[in-house]
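Listed here are the chains, written in short residue letters.
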Amino acid sequence: MTTTTAERYRAYQGHPLFSMGFRPFFLLATLWAALVVPIWVAAFAGWMPIEHFNRDWHAHEMLFGYLSGVIAGFLLTAVPNWTGRLPVAGAPLMALVLLWCAGRAAMLIPGFAAAPIVDSAFLFVFAAVIGREIIAGSNIRNAPVLLLLTVLASANLLSHLRGADPELALLGERIGIAVVATLVALIGGRLVPSFTRNWMAKQKLLPEPASPSRFDAVTLAIGAIGLTIWAVSPTLYAAGLALTLAGALHFLRLARWQGWRTSKEPLVLVLHLGYFWLALGLLLQGLAILAPSVVPAASGLHAITAGAFGVMTLAVMTRASLGHTGQPLAATPRIGAIYVLVNLAALVRVAAPFLPEHYTVLLALSAALWSGAFGWFVFVYAPLLLRRRQAATA
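Everything quoted here is computed from the prediction, not taken from an experiment.

Structural notes on the overall build of the protein chain
- Along its length, the protein chain carries 13 helices and zero strands.
- Walking the protein chain from its N terminus toward its C terminus, one meets helices and strands in the order α-α-α-α-α-α-α-α-α-α-α-α-α.
- For 394 residues, the compact-globule estimate of 2.2 N^0.38 gives 21 Å, and the C-alpha radius of gyration of the protein chain, at 20 Å, lies within 12% of that figure.
- Buried residues in the protein chain amount to 53% of all 394 residues.
- Counting contacts in the protein chain only where the partners sit at least 6 residues apart, residues at least 24 apart contribute 76% of the total.
- For the protein chain, the exposed surface amounts to about 16,600 Å²; the carbon and sulfur share of it is 72%.

A closer look at the layout of surface pockets
- Here the largest pocket defines a volume of roughly 840 Å³.
- If you trace the largest pocket, you find 34 residues lining it, with Arg55, Ile177, Leu301, His302 and Thr305 closest to the centre.
- Contributions of two or more residues to the lining of the largest pocket are made by helix H2 (22-44), helix H3 (55-83), helix H7 (166-202), helix H10 (266-290), helix H11 (297-324), helix H12 (333-351) and helix H13 (359-385).
- The volume enclosed by the second largest pocket comes to roughly 460 Å³.
- What lines the second largest pocket is a set of 17 residues, and nearest its centre among them are Phe74, Leu191, Phe195, Ala320 and His324.
- Breaking the lining of the second largest pocket down by element, the ones donating at least two residues are H3, H7 and H11.

Focus: the side chain of Arg23
- Mapping Arg23 onto the fold places it in helix H2.
- A relative accessible area of 1% means that Arg23 is categorised as buried.
- In this structure the side chain of Arg23 is engaged in a polar contact, spanning 3.4 Å, whose partner is the backbone oxygen of Pro16.
- Those residues in contact with Arg23 that sit more than four places away from it in its chain are Pro16, Leu17, His324, Thr325, Leu384, Leu385, Leu386, Arg387, Arg388 and Arg389.

Overview of the environment of Glu208
- Looking at the element boundaries, Glu208 is found in the loop between H7 and helix H8 (214-232).
- In this structure the C-alpha to C-alpha distance between Glu208 and Asn198, which are 10 residues apart in sequence, comes to 9.2 Å.
- Dropping the residues within four chain positions of it, Glu208 is found in contact with Arg197, Met200 and Gln258.

Section: the pattern of salt bridges
- Taken as a whole and assessed by the stated rule, the structure comprises 11 salt bridges.
- Here Asp56 makes a salt bridge to Arg162, at a shortest N to O gap of 3.4 Å. Residue Asp56 is found in helix H3, and its partner Arg162 is found in the loop between helix H6 (143-159) and H7; the two are separated by 106 residues along the sequence.
- Here Asp216 ties to Arg253 by a salt bridge, and the two come within 2.8 Å at their closest N and O atoms. With Asp216 in helix H8 and Arg253 in helix H9 (residues 237-255), the pair connects residues that are 37 residues apart, well separated along the chain.
- Owing to a relative accessible area of 7%, Asp216 belongs among the buried residues under this scheme.
- Within this structure, Arg55, Asp56, Arg162 and Glu173 form a network of salt bridges that share partners.

A closer look at empty space enclosed by the protein
- As enumerated under the stated definition, the model contains three cavities of 30 Å³ or more in all.
- Quantified by volume, the largest cavity comes out at close to 280 Å³.
- For the lining of the largest cavity, the secondary structure elements donating two or more residues are H3, H7 and H11.

Details of the environment of Leu329
- Note on placement: Leu329 falls in the loop between H11 and H12.
- On the basis of relative accessibility, which here comes to 45%, the residue Leu329 falls in the partly exposed class.

Points about unusual backbone geometry
- A cis amide bond links Leu206 to the next residue, Pro207, at an omega of 0°.
- Unusually for a residue other than glycine, Ser138 sits at a positive phi of about 50°.
- With respect to the helices and strands, Ser138 occurs in the loop between helix H5 (115-136) and H6.
- The residue Gln258 is not glycine, and still its phi comes out positive at about 55°.
- Looking at the secondary structure, you find Gln258 in the loop between H9 and H10.

Details of the packing of aromatic side chains
- For the coordinates displayed, the defined rule picks out 14 aromatic pairs.
- Just above the ring of Trp82 sits the side chain of Arg190; from NZ or CZ to the centre is 5.9 Å.

Points about a nonpolar patch on the surface
- A cluster of nonpolar side chains, contributed by Leu108, Ile109 and Phe112, occupies part of the molecular surface with about 230 Å² of accessible area.
- For Leu108, a relative accessible area of 32% corresponds to the partly exposed category.

What to know about the side chain of Thr244
- As for its placement among the helices and strands, Thr244 is situated in helix H9.
- For Thr244, a relative accessible area of 17% puts it in the buried group.
- Excluding residues within four positions of it along the chain, Thr244 makes contact with Leu282, Leu283, Gly286, Leu287 and Leu290.

Definitions and limits used
- Residues numbered from 1 in each chain as written.
- Predicted model: local features only at pLDDT ≥ 70, side-chain atom pairs only at ≥ 80, totals over all residues.
- Heavy atoms only, no water.
- Helix = DSSP H or I, 4+ residues; strand = E, 2+ residues; numbered from the N terminus.
- Rg over C-alpha atoms; globule rule 2.2 N^0.38 Å.
- Buried < 20%, exposed > 50% of the residue type's maximum accessible area, 1.4 Å probe, protein only.
- Contact = heavy atoms within 4.5 Å.
- Areas by Shrake-Rupley, 256 points an atom, 1.4 Å probe, with all protein chains shown as cover.
- 1 Å grid on protein atoms, 1.4 Å probe; cavity = no way out; pocket = protein on both sides within 12 Å on 5 of 7 lines; lining within 4 Å.
- Points joined across faces, edges and corners; volume = space filled by probe spheres on them.
- Polar contact = N/O pair within 3.5 Å; in protein donor to acceptor, adjacent residues only side chain to side chain.
- Salt bridge = Lys/Arg side-chain N within 4 Å of Asp/Glu carboxyl O.
- Phe/Tyr/Trp six-rings, centres within 6.5 Å; stacked < 30°, edge-to-face > 60°.
- Lys NZ or Arg CZ within 6 Å of the ring centre and 35° of its normal.
- Patch = residues over 30% accessible without salt bridge, like charges linked within 9 Å, V, L, I, M, F, W, Y side chains within 5 Å.

Here you go:
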C-alpha cells in the first residue's frame, strides 16, 4: 500500500523544524535577510568595516545567501509532490541546513581564506540532492529547474573570483540574477494563475485567468534570451531591446491572469504584485541600457532584486507556510503588514537613484522597511514553523 507525501510528512517523529524543508530554510533565510541589509548600510555609513561588509558582500549574501536558502526551502517542499518520493527530512535535512549556515558564517569572517569553498559547497550539494530526486522520480518536466540550479551554483563560484578577476565575479552575479529571475518567471508562471484560478473558482468569478499557451512560452523564451545577453554584456544595445520587449510581454502575461480581481485576498494579490515587479524590473533594466540618461541602471536592478525577488519570495513563503502547517489560507492583518513593508522597501529602493540628493536617506529608509518586513515574518511565522502541523481551523 502506497502512502501520500502528506502522510509521510505526518509520520515523521523528530523535531518539527526538520520535518519539512521549508521550515528551517524559510525561518533562517528570512532572519538572514533581515540582518544583511542593516549590516551593509551600517558599513556604508562608516559604523562597520566597509572593506569587508561592502557592496560585493551585500550583493552576494542577498543573492547566494538569502535566495539560495529560500529556493532550497521551496524545492525541498515541492519536489516530493512533483516526484512522489520520500521527502528529505531529519538528519539529511539538518546536514543541508548546517551547510548553508556554515556558508553564511564563513562569509561573515573578514579574510577567511576558505570562505569561497565553504560557501560554494551548499548549492552544489543541494543541486545534487534535487537532481537525484528528479531523476529517480522520472520527473523530466522539471529538469529545467535542475539546470537553472546548477547554473546558479556555478555563478556563485564565479562570484568568489573577485580577487583574481573582478569582471568575472560581476559576471557571476549577473548570471545569478538572471537565473533567479528566470525561476520567478517559470515557477511564478505556474503558481500565480493556478492559485488565482482556485480562489476565483471559490468566489464563483468568471472568466477565469488565461490558460497556458504559446504566448507564455514565447514570453519566457524572450525573457531568458534578454537576461542571458545582459548577463554576458550588460550594456549591449541588443540586451536593452530584448529586456524592454521581455518586460512588455511579462506585463501582458500578468494582465491575462486578472490579478486586479483578487484584491479581497492579499494572499493571492501579493503574488501578482511580485510578478509585477519582475515585469517592471525587466522593462526598467532594458530602458536603462537604451536611455541611460533617463533611467538609472540601479533602479532596474533593484526592481528585479528588491522588488520581484523580495516580494515574490515572501508571497510564496507566507502562503506555503500557512498551507503546510495546517492554517487557513487567508492573510491576517499581521501577514498583510509584511506585504506592505516589503513593497514599500522595493518602491523606495527603486526611487532612490532617481533622487540622488536624497539617496542616503532613502537607502536607509528602504533598509529599515526591508528589515521590518523580514523581521516581522520571523516574528509572525516562527511559532508556526517550530511546532507540529495542526488541523486547519475555520
